[in-house]
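This is what each chain is made of:
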Amino acid sequence: MKYTYEQYEAFYYLNKLLPFLQRNHNYPHVIIRINNRDGNGILTPNSSESDEYSKSPQAQTLRKKIIKALAKQGAVYPTLPPSMQQNNILHLSQIFHLNQQEEQIVQFLAAVYNNEFLSWALEEFSSSILEEKDILTEVAQCPRGQSYAILDEKAPLFRLGIVKGYRYRSGVQLTGWAQRFINTSHLDNENCFRCLLGSTINEDNLLTKPDFAYIESADLALRLMKQDKRHKGFNILLYGVPGTGKTSFAKYLAHAAKLHLYPVGVCNEGEEEKNYRLQQLYRKQYLLKNVKNACILFDEGEDMFSSLETRTSKMEINNLLENNEVPVIWTTNKIHRMDPAYIRRFTLAVCFNKPPVEVRQKIWSKYLTENKITCGKEDTLKLAKKYEVPPSMIAGA
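In short, a report on the structure. It should be emphasised that the depicted structure is a prediction, and the values quoted were computed from it without experimental measurement.

1. Some remarks on the overall build of the protein chain
So, point 1. For the protein chain, the helix and strand inventory stands at 21 helices and seven strands.
So, point 2. Counting across all 397 residues of the protein chain, residues that qualify as buried make up 48%.
So, point 3. Sequence separation of 24 or more characterises 73% of the internal contacts of the protein chain that already satisfy a separation of 6 or more.
So, point 4. For the protein chain, the exposed surface amounts to about 20,200 Å²; the carbon and sulfur share of it is 49%.

Shown next as structure tokens:
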């Protein structure tokens, strides 16, 4: 009988998991039910509905034949040409330096997600079978109990956001971005890397030094960024009420220091916001640590610090600020929500107040002139008084 790639993959994992599956009380019945998947005996012929619950010697012989066929057909899978998903997981493993057991766990979770036959067969044993961590011990062929260390929240698979726990249950699954990466066709290794890293921040309406004359520490921030940008633990905090130009200044700062600025973005639908952004930060730190002229922008950092404080130790937060190898520019609208002990660990904290009216007037005049719009001093003064907006909004008006 000729099998599909999906079937060979399912046979491979079912055979690999037999020591684990045989501990399930439904095992004798389910193994025959799997064979009856297509009604004719997918692994060995002459299987009947009555054999499923039979304890007769004939049923026992049938089960032995099924297991033998499972081992034979499962052995074909590793010899097949790698699938797109397998190649992507290999790239993922190489980029993040996953060990063999971690890679095997990702391979299995991807197979469960993509292979309908395999997921159906496993659920026939138990609807909650994937909640049992021992199943991953068998898949990764690691000593009993070691999978718990591999799946610890501080271990790479969780720390980098490749896997996540179910919200209301035990067990793990691939995260949304990992599923999308694995199931997307990539042209080459460089394309894989760029897909994981994401784009640099949009530099439209980029502002210049005179636009930030109202910021006392602007020159100091730029000098530090140019001198110390590759020192471990380099973090600049920009704080102030919304609409004072913090993000615009971060873009200017990176551009003036000749750095590419990579933002930590908001989460996609279905992802947990706080974990997602922290894990994305760790991933970008990992990806960029050997890339010259790069820095990271983390907007609205107060949410992450407040959530970290409830979930982990202060030591980990301090480690986050002291050992990052890629410089990070943080912004916050709510500095009062951040522990002063953490604020002291930033290389520099820059306060942003609303630009005074005379500064806003100069910015209005500059950008109206650049756009060839004639406007007198009285008109720009009226605009400055009426619109208390940051420089970026004036530049894009």
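2. Considerations on the sheet that holds strand 3 (residues 235-240)
So, point 1. Read across the open sheet, the five strands follow the order 4-5-6-3-7; overall the sheet is parallel. This sheet does not close on itself; its edge strands, each paired only once, are strand 4 (260-263) and strand 7 (348-352). Across this sheet, the average inter-strand angle for adjacent strands is 20 degrees, counted without regard to direction.
So, point 2. Bridging between strand 3 and strand 6 (residues 328-332) involves five bridges; their strand directions are parallel. Bridging from a neighbouring strand, I236 pairs with I329 of strand 6.
So, point 3. Contacts from helix 13 (residues 218-228) reach strand 3, strand 6 and strand 7 within the one sheet, and its direction differs from that of strand 7 by about 150 degrees.
So, point 4. Along the sheet face, helix 14 (residues 246-256) touches strand 3, strand 4, strand 5 (294-298), strand 6 and strand 7 and points at about 150 degrees away from the line of strand 3.

3. Overview of the nonpolar core
So, point 1. Residues F108, I162 and W330 are the most contacted members of the largest nonpolar core, which totals 84 residues.
So, point 2. Those residues within four positions of F108 in sequence are excluded, and the remaining contacts are Y13, L17, L118, L122, L130, I135, L136 and V139.
So, point 3. Within the second largest apolar cluster, 29 residues are counted, among which are L222, L259, I329 and L348.

4. Observations concerning the side chain of E9
So, point 1. Along the chain, E9 falls in helix 1 (residues 5-16).
So, point 2. Buried charge without a salt bridge: E9, with K16 as the nearest opposite-charge side chain at an N-O distance of 11 Å.

5. Some words on the packing of aromatic side chains
The geometry of an aromatic ring pair is captured by the separation of the ring centres together with the interplanar angle, meaning the angle of the planes.
So, point 1. Scanning the model with the defined rule gives 18 aromatic pairs in all.
So, point 2. When the ring of Y5 is compared with that of Y77, the centres are 5.7 Å apart and the planes differ by 70 degrees; the resulting orientation is edge-to-face. With Y5 in helix 1 and Y77 in the loop between helix 4 (57-74) and helix 5 (84-96), this pair connects stretches of sequence that are 72 residues apart.
So, point 3. Residue Y5 is classed as partly exposed on the basis of its relative accessible area of 29%.
So, point 4. Classification of Y77 by relative accessible area gives buried; the value is 5%.
So, point 5. Between Y27 and F125, the aromatic rings sit 6.4 Å apart at their centres with planes inclined by 20 degrees, giving stacked as the arrangement. One end of the pair, Y27, is in helix 3 (residues 27-35); the other, F125, is in helix 7 (residues 116-125), with 98 residues separating them in the sequence. Across this residue pair, the class does not change: Y27 and F125 are buried.

Cut-off values and rules
Residues numbered from 1 in each chain as written. Predicted model: local features only at pLDDT ≥ 70, side-chain atom pairs only at ≥ 80, totals over all residues. Heavy atoms only, no water. Helix = DSSP H or I, 4+ residues; strand = E, 2+ residues; numbered from the N terminus. Buried < 20%, exposed > 50% of the residue type's maximum accessible area, 1.4 Å probe, protein only. Contact = heavy atoms within 4.5 Å. Areas by Shrake-Rupley, 256 points an atom, 1.4 Å probe, with all protein chains shown as cover. Pairing = 2+ DSSP bridges. Axes fitted to C-alpha atoms, helices over the stretch in contact; angles between N-to-C directions. Core = buried A, V, L, I, M, F, W, Y, C linked by side-chain atoms within 4.5 Å. Lys, Arg positive; Asp, Glu negative; His and termini not counted. Salt bridge = Lys/Arg side-chain N within 4 Å of Asp/Glu carboxyl O. Phe/Tyr/Trp six-rings, centres within 6.5 Å; stacked < 30°, edge-to-face > 60°.

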